[in-house]
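# Architecture at a glance
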Amino acid sequence: MIGLGHYLIISAALFSLGIMCVLTRKNAVNVLMGIELILNSANLNLVAFSKFSAGNIEGQIFSIFIIVVAAAEAAVALAIVLAMYRLIKSVNLDRADTLKG
Amino acid sequence: MNPQILLDLRQFYPELILTAALLCVIIGDLAFPRQRRSVTFFLSALGLALAFSFSLPLFSAPAGTLFFGVVALDPLAVFFKLFLILTSLFVLLAVPGCKEMPQKSLGEFHTLLLGVTLGMLLLASSMDMLMLYLSLEMVSLGSYIMVGYLKNNRQSNEASLKYLLFGAVATGAMLYGMTILYGLTGTTKLAGIREVLAAGITTGDNAVMLFIATILVLAGFGFKTAAVPFHFWCPDVYAGAATPVTAFLSVAPKAAGFAALIRFFFTGLSTSPVNADYWSQFSFINWQYVFIAVSILTMTFGNIAALRQSNMKRLLAYSSIAHAGYIFMGAVVLTSQGLQSILIYLITYLFMNLGAFFIVIEIFNRTDSFDLEDYRGIRRRSPFLSYAMAVFMFSLMGIPPLAGFWGKLYVFAAAVNGDLIWYAAIGALNSVIAVYYYARVIKTMLIDEGEGAARFSIPWTSYVLVWIMLLPTIGLMLFWNQIERITADSVKLFLGN
């Protein structure tokens, strides 16, 4: 029987993978994928809690909002990455090094 | 439609006006291609001014919540509404006189400014984790674009990319923390969380999870307020963004972040007897000590890193990090006096910090540089700007009788009254360190000799704007009774549901 614990373990794994992806990847698009993983781990948590422990629907509503915000965030993020590509012909984060100190 | 929603909308005028103004700016930008610059400017200024005047009567409205407990309407929320709208208005007024901004296409900028302001108003009054997350993202997404507004400027683009990546991770972590809180308490309402926690659901494991969730949520607030260790974006973003945007970011989202932080931790994670002016945290989440650690790290790091900066915007960025550390002090002590000191500090910080940035804008317009090296001998070229900058720097140092001193006095007094004398002493030591780099700016501008000799010609609008910042910085103490009374009235949080 699959219970709350299984969902929480998967979501914790997703969260950790997302953080690892953000910390290690050099390609801006890959980092954005890591951020999506973090947001989706939160979604999984919310839906699982809503079903198994909280006993109300607030969590599922919350997760729908998160999906929408994630789409908006991806749009803004890709626009900024695109602007970066236009300026320096690269999406490698190591090339974003003009600001230091 | 539910009649309650219609009634609630009447107390939602500031937000509605800002939304209407935002739409009008978009339409005005398209409908009047010739006069778009002035049309969008006046529409947004009008929108902000109207929103400000419609917020004032809400002060006396009975404290409560709107829209089924999602948005709070209490004096604290109204105070932050007024504060944030005023900040946006000042920044808006500074934009037309700034050479950095693309003056031909500012319509989108005004839209973004109004949108972020709307988000901040909601952030400062959200009583529900869902609302908190949505408004936080609304503020963040708008500010990412504002930072990258100089499309062909590599630094601006890079700054917005860094801001975005840090912001997305910080809010993602915050969201994960919120989901754990929801799982433990079964509600997303802050007041509901407090009630469940007060009833005592916490056994050993749950207490650990609760602590982890609290830290994760703090990451989001720490990002917005630029507190160590979530500050890494701050200097780069402040340096890369156009100066009016930097000025805006250094005051408004920071204040909104503090408002949300106060609401989250005081409403959700601590209890207060009815009509008492102190709170006590739940024994199983010792967030007070986390706050003390964050605050001390923030002010010490900010001040020490500012010592070796040679770029004016980076220097002010680190200085604003340090000020966030002082402001945290007021949140640590868990009393009304502490909250009042936060509000007073924010008022003084608004005028002195915006003033300093406005002068940076003026000097950049003439010299095309943010380097402290190029500030040498400005006294000969423009005595007004130099002496005004000196006043702002003295105020940021906390020299009496300027505004900054009173802010610091209240914050330190709150810490001393909270039996944290050592903590106040660390704060005082920090403001001694800060004297060095602020004094360096004054010395560079007033004493050092520079090369250029031509006097600056400053338009009258800039004079007026700097004076608007200068007068409160100098004369705030003359109105101290009123400020004391307004802030004391404003610290009333609505804690129910």
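The rules we used
Residues numbered from 1 in each chain as written. Chains lettered and ligands numbered in written order. Predicted model: local features only at pLDDT ≥ 70, side-chain atom pairs only at ≥ 80, totals over all residues. Helix = DSSP H or I, 4+ residues; strand = E, 2+ residues; numbered from the N terminus. Rg over C-alpha atoms; globule rule 2.2 N^0.38 Å. Buried ≥ 20, exposed ≤ 12 C-beta atoms within 10 Å, placed from the backbone. Contact = placed C-beta atoms within 7 Å. Core = buried A, V, L, I, M, F, W, Y, C linked by C-beta atoms within 7 Å. pLDDT = per-residue confidence, 0-100. Axes fitted to C-alpha atoms, helices over the stretch in contact; angles between N-to-C directions. Parallel < 35°, antiparallel > 145°, perpendicular 65-115°, else oblique. Nonpolar A, V, L, I, M, F, W, Y, C, P; charged D, E, K, R; others polar. Expected span 1.5 Å × (residues − 1).

### A look at the overall build of chain A
Per the secondary structure count, chain A includes three helices and zero strands. N-terminal to C-terminal, the α/β element order of chain A is α-α-α. Computed over its C-alpha atoms, the radius of gyration of chain A comes to 17 Å, more than 25% above the 13 Å expected for a compact globule of 101 residues. Overall, chain A is about 50 × 25 × 25 Å in size when its C-alpha atoms are taken along their principal axes. In chain A, which comprises 101 residues, the share counted as buried stands at 34%. Put simply, 47% of the contacts in chain A that link residues at least 6 apart link residues at least 24 apart.

### Remarks on the overall build of chain B
A count of helices and strands for chain B gives 20 helices and four strands. Expected size for 497 residues packed as a compact globule is a radius of gyration near 23 Å; at 22 Å, chain B falls within 12% of this value. Along the first, second and third principal axes, the C-alpha set of chain B runs to 70 × 55 × 45 Å. The buried share of chain B, taken over its 497 residues, is 58%. Here the contacts in chain B between residues at least 6 apart in sequence split such that 78% fall between residues at least 24 apart.

### A closer look at the nonpolar core
Residues and elements named next belong to chain B. By size, the foremost hydrophobic cluster in this structure holds 210 residues, and its most contacted members are Phe-80, Leu-84, Ala-124, Ala-255, Ala-256 and Leu-346. The leading source of residues in this core is helix H14 (residues 336-367), at 19 residues. Excluding anything up to four places from it in sequence, Ala-124 contacts Ala-77, Phe-80, Lys-81, Leu-84, Ala-256, Ala-259 and Ala-260.

### Here we look at the confidence of the model for chain B
Taken over all residues, the pLDDT of chain B has a mean of 89, while the share at 70 or more is 98%. If you check the scores for this complex, the pTM reads 0.94 and the ipTM reads 0.95.

### Some words on unusual backbone geometry
Residues and elements named next belong to chain B. Note the cis peptide between Val-228 and Pro-229, where omega equals 5°. The residue after Pro-400, namely Pro-401, is reached through a cis peptide bond having omega 5°. Its location among the elements puts Pro-401 in the loop between helix H16 (383-397) and helix H17 (403-417). Despite not being glycine, Asp-368 shows a phi value in the positive range, around 55°. Mapped onto the elements, Asp-368 comes out in the loop between H14 and helix H15 (378-381). Using a count of 11 C-beta atoms within 10 Å as the deciding quantity, one classes Asp-368 as exposed.

### Remarks on the packing of helix H11 (residues 243-268) of chain B against H14 of chain B
All names here are of chain B. Contact geometry for H11 and H14: axes closest at 8 Å, N-to-C directions at 170°. Classed by the angle they form, the pair H11 and H14 counts as roughly antiparallel. Within the contact between the two elements, H11 uses Thr-243, Pro-244, Thr-246, Ala-247, Ser-250, Val-251, Ala-255, Phe-258 and Ile-262 and H14 uses Leu-339, Ile-342, Leu-346, Tyr-349, Leu-350, Asn-353, Leu-354, Phe-357, Val-360, Ile-361 and Phe-364.

### With respect to the environment of Tyr-437 of chain B
Residue and element names in this part refer to chain B. Along the polypeptide, Tyr-437 turns up in helix H18 (residues 421-446). Along the primary structure Tyr-437 and Phe-221 are separated by 216 residues, whereas in three dimensions their C-alpha atoms are 27 Å apart. Excluding anything up to four places from it in sequence, Tyr-437 contacts Ala-306, Leu-307 and Leu-315.

### Notes on the interface of chain A and chain B
Every contact between the two is made by 36 residues of chain A and, on the other side, 35 residues of chain B. For the side of chain A that touches chain B, the secondary-structure elements that each account for two or more residues are helix H1 (4-24), helix H2 (28-54) and helix H3 (58-88) of chain A. If one sorts the elements of the side of chain A that touches chain B by residue count, H3 of chain A sits on top with 16 residues. For the side of chain A that touches chain B, the per-class residue count stands at 26 nonpolar, eight polar and two charged.

### Re H17 of chain B
Residue and element names in this part refer to chain B. If you check H17, its first and last C-alpha atoms are 22 Å apart, about what 15 residues at 1.5 Å a residue would give, namely 21 Å. All buried positions along H17 are accounted for by Ala-403, Gly-404, Trp-406, Gly-407, Lys-408, Tyr-410, Val-411, Phe-412, Ala-414 and Ala-415. Looking at the buried side of H17, the elements it contacts are helix H13 (312-332), H14, H16, H18 and helix H19 (460-475). In the stretch just after H17, Asp-419 is the one whose phi turns positive, near 60°.

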